[in-house]
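# Fold and contact review
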Amino acid sequence: SSRYPRYTREEVGRHRSPQDRVWVTHGTDVFDVTDFVELHPGGAEKLLLAAGGALEPFWALYAVHNQPHVLELLREFKVGELSPDEAPPDPSAAQDPFAGDPPRHPGLRISSRKPFNAETPAELLTERFLTPNELFFTRNHLPVPAVDPGSYRLRVEGPEGRVLSLSLSELRSRFPKHEVTATLQCAGNRRSEMSRVRPVKGLAWDIGAIGTARWGGARLRDVLLHAGFGEERDGEWHVCFEGLDADPGGAPYGASIPYGRAVSAGADVLLAYEMNGEELPRDHGFPVRVVVPGVVGARSVKWLGRVAVSAAESPSHWQQNDYKGFSPCVDWDSVDYSSAPAIQELPVQSAITHPRPGAAVPPGELTVKGYAWSGGGRDVVRVDVSLDGGRTWSVASLAGERAAPGRAWAWRLWELRAPVPAGAQLEIVCKAVDRSYNVQPDTVGPIWNLRGVLSNAWHRVPVTVTR
Ligand code: HEM
Ligand code: MTE
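These remarks concern the structure in this document. Every residue gets a number counted from 1 within its own chain, in the order that chain's sequence is written. For naming, the first written chain is A and the first written ligand is 1, with later ones following in the order written. At least 70 in pLDDT is required for a residue's local features to be given in this predicted model, at least 80 for side-chain atom pairs to be given and counted, and no such filter applies to totals for whole chains, interfaces and linings, which use all residues. Here the side-chain values reflect all heavy atoms present in the structure, with hydrogen atoms and water set aside.

Secondary structure elements are taken from DSSP: a helix is a run of H or I of four residues or more, a strand is a run of E of two residues or more, and numbering for both begins at the N terminus. If you tally the helices and strands in the chain, you get 10 helices and 27 strands. The size measure is the radius of gyration over C-alpha atoms, and the globule rule it meets is 2.2 Å times the number of residues to the 0.38 power. For 467 residues, the compact-globule formula gives about 23 Å, and the C-alpha radius of gyration of the chain, at 24 Å, lands near that figure. Accessible area is worked out with a 1.4 Å probe on protein chains only. A residue is then buried under 20% of its type maximum, exposed over 50%, and partly exposed in between. Per-residue burial over the chain gives 54% buried out of 467 residues. Here the Shrake-Rupley method, with its probe set to 1.4 Å, supplies the accessible areas, and only the displayed protein chains count as covering residues. Summed over all atoms, the accessible surface of the chain reaches about 20100 Å², with 52% contributed by carbon and sulfur. Taken together, the 51 basic and 56 acidic charged side chains of the chain have centroids lying 4 Å from each other. Residues scored as positive are Lys and Arg, those scored as negative are Asp and Glu, and His as well as the terminal groups of each chain are ignored. Note that the charge is assigned to NZ on lysines, CZ on arginines, CG on aspartates and CD on glutamates.

To continue, consider the sheet that holds strand 6 (residues 109–112). Spatial strand order, 6-7-8: 3 strands in an open sheet with antiparallel pairing. The open sheet has two edge strands with one neighbour each: strand 6 and strand 8 (138–139). Of the strand pairs in this sheet, strand 7 (residues 117–119) and strand 8 are connected by 2 bridges, and their pairing is antiparallel. Looking at strand 8, one finds that A118 is bridged to T138. Strands were regarded as paired on the criterion that DSSP finds at least two bridges between them.

Another aspect to go through is the pattern of salt bridges. We count a salt bridge whenever a side-chain nitrogen from Lys or Arg sits within 4 Å of a carboxyl oxygen from Asp or Glu. A full pass over the atoms with the stated rule returns 32 salt bridges. For R378, the salt bridge is made with D434, and the minimal N-O distance between the two is 3.4 Å. Pair noted here: R378 is in the loop between strand 21 (364–373) and strand 22 (380–386) and D434 is in strand 26 (residues 425–434), with a separation of 56 residues, a long-range link. Bridged by salt links that share partners, the residues R155, E157, E242 and R306 form one connected network.

A few words now on the coordination of the iron atom of ligand 1. Every protein donor of the iron atom of ligand 1 is accounted for by H40 (NE2) and H65 (NE2), and the metal-donor separations fall at 2.0 Å. A donor here means an N, O or S atom no more than 2.8 Å from the metal, or no more than 3.2 Å when the metal is Na, K or Ca. Since water is not included, a site may seem to lack partners. Irregular is the label for any site that misses the other tests, which are tetrahedral for four donors with all angles between 85 and 135 degrees, and square planar for four donors or octahedral for six when opposite donors exceed 155 degrees and the remaining angles lie between 65 and 115. In this structure, the iron atom of ligand 1 is coordinated by 6 donor atoms arranged in octahedral fashion, with angles at the metal of 87 to 179°. Taken together, the residues H40 in the loop between strand 4 (29–32) and helix 2 (44–49) and H65 in the loop between helix 3 (56–59) and helix 4 (68–75) connect sequence positions 25 residues apart. Exposure class is identical for H40 and H65. Each is buried.

In the region of ligand 2, 19 residues are neighbours, and F137, D245, H284, R289 and K302 sit closest. For this analysis, a polar contact is any N or O atom pair within 3.5 Å, provided that within protein one partner can donate a hydrogen and the other can accept it, and provided that sequence-adjacent residues contribute only side-chain to side-chain pairs. At 3.0 Å, a backbone N or O of S300 approaches a nitrogen atom of ligand 2. Note that an oxygen atom of ligand 2 is positioned 2.5 Å from one of the side-chain N or O atoms of K302. Coverage of ligand 2 by the protein amounts to 100% of the 530 Å² it exposes when considered alone. Elements with a contribution of two residues or more to the shell around ligand 2: strand 8 and strand 13 (238–246). Each residue belonging to the shell around ligand 2 can be placed in one class, and the counts come to 8 nonpolar, 7 polar and 4 charged. Residues are classed as near a molecule or strand on a simple rule: at least one heavy atom within 4 Å of it. Under the grouping applied here, Gly and all other residues not named as nonpolar or charged are polar, the nonpolar ones being Ala, Val, Leu, Ile, Met, Phe, Trp, Tyr, Cys and Pro and the charged ones Asp, Glu, Lys and Arg.

Throughout, disulfides are identified as pairs of cysteine sulfur atoms within 2.5 Å of each other. Inspection of every chain in the model, using the stated rule, returns 0 disulfides. Between C186, a free cysteine, and C430, which holds the nearest cysteine sulfur, the sulfur-to-sulfur gap is 19 Å. For C186, a relative accessible area of 9% corresponds to the buried category.

Below you can see the structure in the form of C-alpha cells.
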C-alpha cells in the first residue's frame, strides 16, 4: 500500500483551474501541477486543456512528452493515486489524430513523429541548390489537416468588414503567378549545439532545419490590394495568418508579419501554391501557404485558412509565447515572453555539411562544403573557413547566382579545397559575413537561450586525417 492519498477520477475532475488547483493524472498517479502551469514550455492554455483529467490523450498528440525528463519533472508534483477501482485509461482507445498524416521519405532524419518533425540529413543538404521537396525539412506543431482542394476557400478579411473568399482556382487565375527562390530556416536550426552548453527545451535539430525552394504563387501584396487595402496604413498594423491545423482546443496555428513587409513589392511575400514546380506537398502546406522570404520559418504559415489585418500581432501562442530570444541569464522561472519581440528577420548563419563531425578523411586534398544565408534579404558576401579551430583562415568559393541587393532570399552554397596532412587532427570552422557586415558569434555560450533558438555560432567540425 502507498503513502499517498487515494482519489477518484471524479475528485480529480474538480481541479481544473488555478483557483481550484490544477490536477492531472498519468497512469494511476495524481499530480497537482498548479505551480507548473505558467512555466509550461508548450503554453499554459495547452496544459489547462488536460486539467482535471488524464494526460495520455493529449500527450498522444505531442510526443515531445515521451522523454524521461518530462516524467521526472511530473513526478515532483505527485500528490496522490487513483483509487484501485479506477481503471487507467486505455491508450489505444484514444483515436490517433495523426493517422491521416502523409507518407514521408525514408531519408529524412526524424526528430519527432507526432507531430511530424524531420530534417534533411547533412549529407544531402547541399547536394543541390534547390532542396528536393521530399527531403525538405518539415516542422509541424499539429496533425497535417486534410484539405479538399475543390472546396478550399481562403478567407481574406478586408477593410470595413468586407470579406473575400478565394477558391484555389481564383487565387491561381485572378493574380499573376510570381516565383521566388527563398530559403526557409526554423528558429531552432542547430539547437542541439546549444543544448550541449546547457539543456534547452525544444526539438534537437542538427544543421538541417533549413532548405531552399522555388516557390510559386500569388503575391500577398496583390491579394491585400485587391481586398481593398492601401499601400500605406497609418500607425502600427500587422497581417495575421491562421492555418487550418488546430490543437485539441480548436486553436489554429497562427503567426503575423508587419503590414509594411506584407504589402511591399520588394519583400516578395507569397501565398504559394507551388514548390519547386510541383503543387505544394501536404507536409509543406497544401494547398496554400505563406512564404515570407528572409524571415524565420514560423511566420510562413502552412495550410493557410485566414488572412486578417490587425493593430496587434497574431494572438497565437507561437507569435506571443514562443519564437522569441532571451538573455542567457533568463530561465523558465524568470522568463517574461511579453518583454521580447517576436523573431522576424533571422541573423547570419552558416554551417559545414561535409565532412561530418568525427569523420576520418584521407590525406591529400580535402573538400569542405556548406551553406550560408542571412535574413532580411541581406546577401552573404563571404564565407571564411579554418582548418585549425580559427587560428588561420581561407576564403571559400561561393556557388550560385548573386541576387539583387536587399532581396537575397536564398542561401549560397560554398566550397573550400585544401591539402591536409596524414594523421592530422583538424577542427574545421566556418563563419559567414553578410552585406551589412554582420558576423556570427565565435561560441554558442553567450547566445544560449532557454528555448534554444537563433543558434548561429561558428560551426565547428572535428575530423581526423587518416595515415
Ligand atoms: C512541451 C511538460 C501538458 C503540449 C513540453 C515540455 C515539457 C512539458 C517539459 C518541453 C519538452 C521538451 O521540449 O523537451 C508538460 C507537463 C504537462 C504537459 C508536465 C502536464 C502536467 C501538456 C498538454 C499539452 C501540452 C496537456 C497539449 C494539450 C505541449 C506542447 C509543447 C510542450 C505543444 C511544445 C512542443 C514544441 O512545440 O516544441 N511540455 N506538458 N503539454 N507541451 Fe507539455
Ligand atoms: N504553419 C502551420 N499552419 N502549422 C505549423 O506547425 N510550422 C511553422 C511554419 N508554418 C507551422 C506552420 C514553422 S515553426 C516552420 S519552421 C515552417 O512552417 C516550416 O515549414 P516546412 O515544414 O515547410 O519546412
